[in-house]
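# Structure assessment
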Amino acid sequence: MPWIQFYFMEENNKILSDVEDGLRSRLESFGLDFSLPLKIGAAVSGGADSIAMLTVLSHVLPKNMELRVVTVNHNIRPAEQTEGDAGFVQSYCEKLGVDCFRVDIPRGKVDETASVFGCGMEDAARRLRYGVFGDFKKKFALDYVCLAHNMDDQIETVLMRFLSGGDSVSLSGIPPARDFFLRPMIGISRCDIEKYLSARGVDFRTDMTNFDTSMLRNKIRHKIIPVLDSEFPGWRGSVYSLSNKLREDSFVVEDVAGSSLEKILFKSGGGACSFDSEEFSLLEMAIRRRVVYRALNLVGPGARVPYRFVDSICRVAPGEMDGWRDNAAGISVEKKCGRIFLSKYHGQATESGFSVIIDGPGVWSAGPWGISVFISGDNVLLSLSCDSGGGTVISMPNLCFPFMFRSRQIDDSILTSDGRFRAVSKILDDWKCRGDTKNLVPVVQELSTVDQRLSAVLGSPLGFKDWIVGNPSHPGFEN
């Protein structure tokens, strides 16, 4: 055998073993037990990273484990490109003998999502993609879903966040593992990934939008990183090491923040949360930031919140006048009754969303609703009038201030008389409430209790019934 042929054979064998052994070791470090009959999912786009991950998984996972693939067609690029990517993944899965679950997002849905959340196309596509991954996990009862982020992705992310003024949390980069998501390629460079595919003789697809330098990540990848490579040898390892150190530090700070929640009387539920403003102000600033990020993740999971908004919440003084409020990225914050409340923000005059925090008797407004609040014995009386012409007075037994009067959310549910919960959407269907009228029906959410449950679904002002949760001896009833 010619020495040059022998050399390349040895090089190929080395890259195969390095990548495959490295991925297996990383999965084990995440706690994955190869002796168990686990169900593993893999998100595959057709690009080099995800095709390499799928190839490695097909070689290292034992026969007692089940491997499934999900591929998402975002329908952003021309049909021949997106269809080609999805079809390529399906064909490769068929070749490997792996089941492939394909999801086609309707064309225009990414634009619509970007408009709704006030974000860019890339972020909107990510939101939809991760929703698909969650559905994929549930549909096939998977134990884990593997994503193909690699070392270069991690380094680019840290640079992006550094240039955007990120803090120690964001500079720790992409988490190698979170919930059921695993990123076993996070320690493998893009260069080694392409060498691995070459050694295996496996093709992959190239997304031409990766060369569009109007996007920040691509600008960093194609303009900044080449300069750093040229002028600062070894910088990649330093940045990657920095992200790992900051992640380890963040675990400690996160533990301290978690232990402070009881002290600040942190309450959450129903897509909202609140905490005592004075106790919160006594925490160290680093801990306050972690508490705020925890609250934001509960209220708006995945929202890209500007740091200005986080900082404004962290610096609310205990003497700040009630009524202070701010909003960003679809999340609203308000100080009332010595507490800071965070909830999803709908604005005050939209057709599809409204909300207001009510802290006592008085006159209030929320979107199309006018609300007059009175006290009668142990009951709170709500006199409601609507722009569409509806109106009535409703008695709410044992309702405590403050509470939120708002439009329904897709995941809302309310207590029934048998102690179970029923989806609000099902209740509206039972009432034959249709179309845009569904978005007008208000709900009342407790804010003074730990779980912040719904107290009522108020349909009577619009000609339907009311669903009101009563006192503990009468846990739930429908009017």
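A brief look at the structure comes next. If you're wondering where the values come from, they're calculated on a predicted model, not measured in any experiment.

Mapped onto the secondary structure, Phe 266 falls in the loop between α9 (235–260) and β7 (267–269). Using a relative accessible area of 16% as the deciding quantity, one classes Phe 266 as buried. Distance in space between the C-alpha atoms of Phe 266 and Cys 337 is 14 Å, their sequence separation being 71 residues. When residues no more than four places from it in sequence are discounted, the contact partners of Phe 266 are Leu 261, Cys 273, Ser 274, Phe 275, Val 291, Ala 295 and Leu 298.

With that out of the way, let us pick up the sheet that holds strand β6 (residues 181–182). Read from one edge of the open sheet, 6 strands run β3-β2-β1-β4-β6-β5, paired in mixed fashion. Each of the sheet's edge strands pairs with one partner strand only, and the pair in question is β3 (99–104) and β5 (177–178). Alignment of strand β4 (residues 144–146) against β6, held across 2 bridges, turns out to be parallel. Considered in β6, the bridge of Val 145 is made with Phe 181.

This next bit is on the sheet that holds strand β11 (residues 339–344). Here we have 5 strands laid out as an open sheet, ordered β7-β8-β11-β10-β9, and antiparallel in their pairing. Among the strands making up the open sheet, the edge pair consists of β7 and β9 (325–328). Strand-to-strand twist in this sheet, taken as the mean axis angle between neighbours without regard to direction, amounts to 15°. Its contacts with the sheet put helix α11 (residues 285–299) on β7, β8 (272–276), β10 (331–336) and β11, and the angle it makes with β11 is roughly 35°.

Mapping Ala 456 onto the fold places it in strand β21 (residues 454–458). In sequence terms Ala 456 and Asp 466 are 10 residues apart; their C-alpha atoms lie 7.2 Å from each other. In contact with Ala 456, other than residues within four places in its own chain, are Met 396, Ile 414, Pro 442, Val 443, Val 444, Trp 467 and Ile 468.

Looking along the chain, the bond that leaves Phe 401 and enters Pro 402 is cis, with omega of -10°. Despite not being glycine, Ala 141 shows a phi value in the positive range, around 50°. The phi dihedral of Asp 179 falls on the positive side, at around 55°, and the residue is not glycine. Take Asp 179: it is sitting in the loop between β5 and β6. On the accessibility criterion, Asp 179 (69% relative accessible area) is exposed.

What the rule picks out here adds up to 26 salt bridges. Here Asp 152 and Arg 236 are joined by a salt bridge, their closest N and O atoms 3.1 Å apart. Highlighted residues: Asp 152 in helix α6 (residues 151–163) and Arg 236 in helix α9, separated in sequence by 84 residues. Exposure remark for Asp 152: the relative accessible area of 10% places this residue in the buried category. Across the salt bridge formed by Arg 190 and Asp 153, the nearest N and O atoms sit 2.9 Å from each other. You can see Arg 190 sitting in helix α7 (residues 190–200) and its partner Asp 153 sitting in helix α6, a full 37 residues away along the chain. Like Arg 190, the residue Asp 153 is buried in the burial classification.

It is worth spelling out a nonpolar patch on the surface at this point. A grouping of Phe 162, Leu 163 and Ile 224 is seen on the molecular surface, where their side chains present a nonpolar patch of about 310 Å² in accessible area. The topology assignment puts Leu 163 in helix α6. Here Leu 163 falls in the exposed class, since its relative accessible area comes to 52%.

Turning to the packing of aromatic side chains, a few remarks are in order. The description of two aromatic rings rests on the distance between their centres and on the angle between their planes. Applying the stated criterion to the full structure yields 12 aromatic pairs. Here the aromatic rings of Phe 136 and Phe 140 are separated by 5.7 Å at their centres, their planes lie at 70°, and the arrangement is edge-to-face. Aromatic pair Phe 180 and Phe 181: ring centres 4.4 Å apart, planes at 40°, arrangement tilted. Overall, Phe 180 belongs to the partly exposed group, its relative accessible area being 22%. Residue Phe 181 is classed as buried on the basis of its relative accessible area of 11%. Here a set of aromatic residues connected by ring pairs shows up, and it is made of Tyr 130, Phe 133, Phe 180 and Phe 181. The ring centre of Phe 180 lies 5.3 Å from the NZ or CZ of Lys 137, which sits over that ring.

With 4 of 5 residues buried, strand β1 (residues 39–43) lies mostly within the body of the structure. With 5 bridges joining them, β1 and strand β2 (residues 66–73) adopt parallel strand pairing. Of the residues in β2, the one forming a bridge with Gly 41 is Arg 68. In this fold, the crossover linking β1 to β2 by way of helix α2 (residues 48–60) has right-handed handedness. Relative to β4, β1 runs parallel, the two being bridged by 3 bridges. Bridged to Gly 41 within β4 is Val 145.

Calculation criteria
Residues numbered from 1 in each chain as written. Predicted model: local features only at pLDDT ≥ 70, side-chain atom pairs only at ≥ 80, totals over all residues. Heavy atoms only, no water. Helix = DSSP H or I, 4+ residues; strand = E, 2+ residues; numbered from the N terminus. Buried < 20%, exposed > 50% of the residue type's maximum accessible area, 1.4 Å probe, protein only. Contact = heavy atoms within 4.5 Å. Pairing = 2+ DSSP bridges. Axes fitted to C-alpha atoms, helices over the stretch in contact; angles between N-to-C directions. Salt bridge = Lys/Arg side-chain N within 4 Å of Asp/Glu carboxyl O. Patch = residues over 30% accessible without salt bridge, like charges linked within 9 Å, V, L, I, M, F, W, Y side chains within 5 Å. Areas by Shrake-Rupley, 256 points an atom, 1.4 Å probe, with all protein chains shown as cover. Phe/Tyr/Trp six-rings, centres within 6.5 Å; stacked < 30°, edge-to-face > 60°. Lys NZ or Arg CZ within 6 Å of the ring centre and 35° of its normal. Right-handed = clockwise from strand over helix to strand, strands pointing away.

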